[in-house]
Amino acid sequence: MSADDTGDGSEDDDLRYFVRIGQTDLDGTKSVERSLTDMKGIGKRTARVIADAASVDRMATFGRLEDEEIDRVVETVENLADVMPEWMANRRSDFYTGETSHVTGSDVEEKRRHDINRMQMINSYKGIRHQRGQKVRGQRTKSTGRTEGTIGVNVEAIKEAAEEEAEDE
């Protein structure tokens, strides 16, 4: 019986607990597909496309993959727009370049901030709604999304009435 077959937990020695893609640390104890969904800009369907394009078993534990397989996954994520169909990209017809790309990691939040800032600068309807802190996508505002206390109820008057009632007793 070899040292690896003892069953004392030594098989975990080859497990990488963190796999770094870009500026994101992914959990190596999860499956490839599940771990990739922890990265911003990658959902379940995109993770499946990445695993298939990198020719990696999507149900395999991410930290147990060989270095060359992890490198293929990292390269696939970095060149995602070339691998997946155009209709699946999250940034189609970019405003400035007109190109279609798929943004992942911290770039997702950066592009979102730039888009909101551009809408505010040109005073579009959505930009004005963002500036005011109101709902942007046509949701109801009469009954939901209220941030300031209860409307139509004078809390101070209720407290004063309760105090007077307590004093009378």
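Look a little higher up for the structure.
Here the structure is a predicted model, which is why all the values come from computation and not from measurement.

Considering the overall build of the chain
- Within the chain, the secondary structure is distributed over seven helices and two strands.
- For the chain, the proportion of its 169 residues judged to be buried stands at 27%.
- Pairs at least 24 apart in sequence give 45% of the contacts found in the chain among residues at least 6 apart.
- Of the accessible surface of the chain, which amounts to about 12,400 Å², a share of 44% is contributed by carbon and sulfur atoms.

Structural notes on helix 5 (residues 107–121)
- For helix 5, with 15 residues, the first-to-last C-alpha span of 21 Å sits near the 21 Å given by 1.5 Å per residue.
- For helix 5, the full list of buried residues reads Asp115, Ile116 and Met119. Buried residues of helix 5, seen end-on, are gathered within an arc of 95 degrees and therefore sit on one face of the element. In this structure, helix 5 carries Arg113 and Met121 as exposed residues pointing more than 90 degrees from its buried face.
- Packing partners of the buried residues in helix 5 comprise helix 6 (125–132).

Quick look at the packing of aromatic side chains
- The full count for this structure, using the stated rule, is one aromatic pair.
- When the ring centre of Phe95 is taken as reference, the NZ or CZ atom of Arg118 above it lies at 3.9 Å.

Some thoughts on the pairing of strand 1 (residues 18–21)
- Only one face of strand 1 is buried: it carries Val19 and Ile21, and the other face, with Phe18 and Arg20, is open.
- Direction of pairing for strand 1 relative to strand 2 (residues 24–27): antiparallel, over a ladder of four bridges. The residue bridging Ile21 from the neighbouring strand is Thr24, located in strand 2.
- Counting the residues between successive antiparallel strands, the hairpin from strand 1 to strand 2 contains two residues, one of them, Gly22, with a positive phi of roughly 65 degrees.

Thoughts on the side chain of Thr76
- With respect to the helices, strands and loops of the structure, Thr76 is situated in helix 3 (residues 67–78).
- Note on Thr76: relative accessible area 9%, which makes it buried.
- Side-chain polar atoms of Thr76 contact the backbone oxygen of Arg72, separated by 2.6 Å.
- In contact with Thr76, other than residues within four places in its own chain, are Ile50, Ala53, Ala54 and Val83.

So, how was this worked out
- Residues numbered from 1 in each chain as written.
- Predicted model: local features only at pLDDT ≥ 70, side-chain atom pairs only at ≥ 80, totals over all residues.
- Heavy atoms only, no water.
- Helix = DSSP H or I, 4+ residues; strand = E, 2+ residues; numbered from the N terminus.
- Buried < 20%, exposed > 50% of the residue type's maximum accessible area, 1.4 Å probe, protein only.
- Contact = heavy atoms within 4.5 Å.
- Areas by Shrake-Rupley, 256 points an atom, 1.4 Å probe, with all protein chains shown as cover.
- Expected span 1.5 Å × (residues − 1).
- Arc of directions from axis to C-beta.
- Phe/Tyr/Trp six-rings, centres within 6.5 Å; stacked < 30°, edge-to-face > 60°.
- Lys NZ or Arg CZ within 6 Å of the ring centre and 35° of its normal.
- Pairing = 2+ DSSP bridges.
- Polar contact = N/O pair within 3.5 Å; in protein donor to acceptor, adjacent residues only side chain to side chain.

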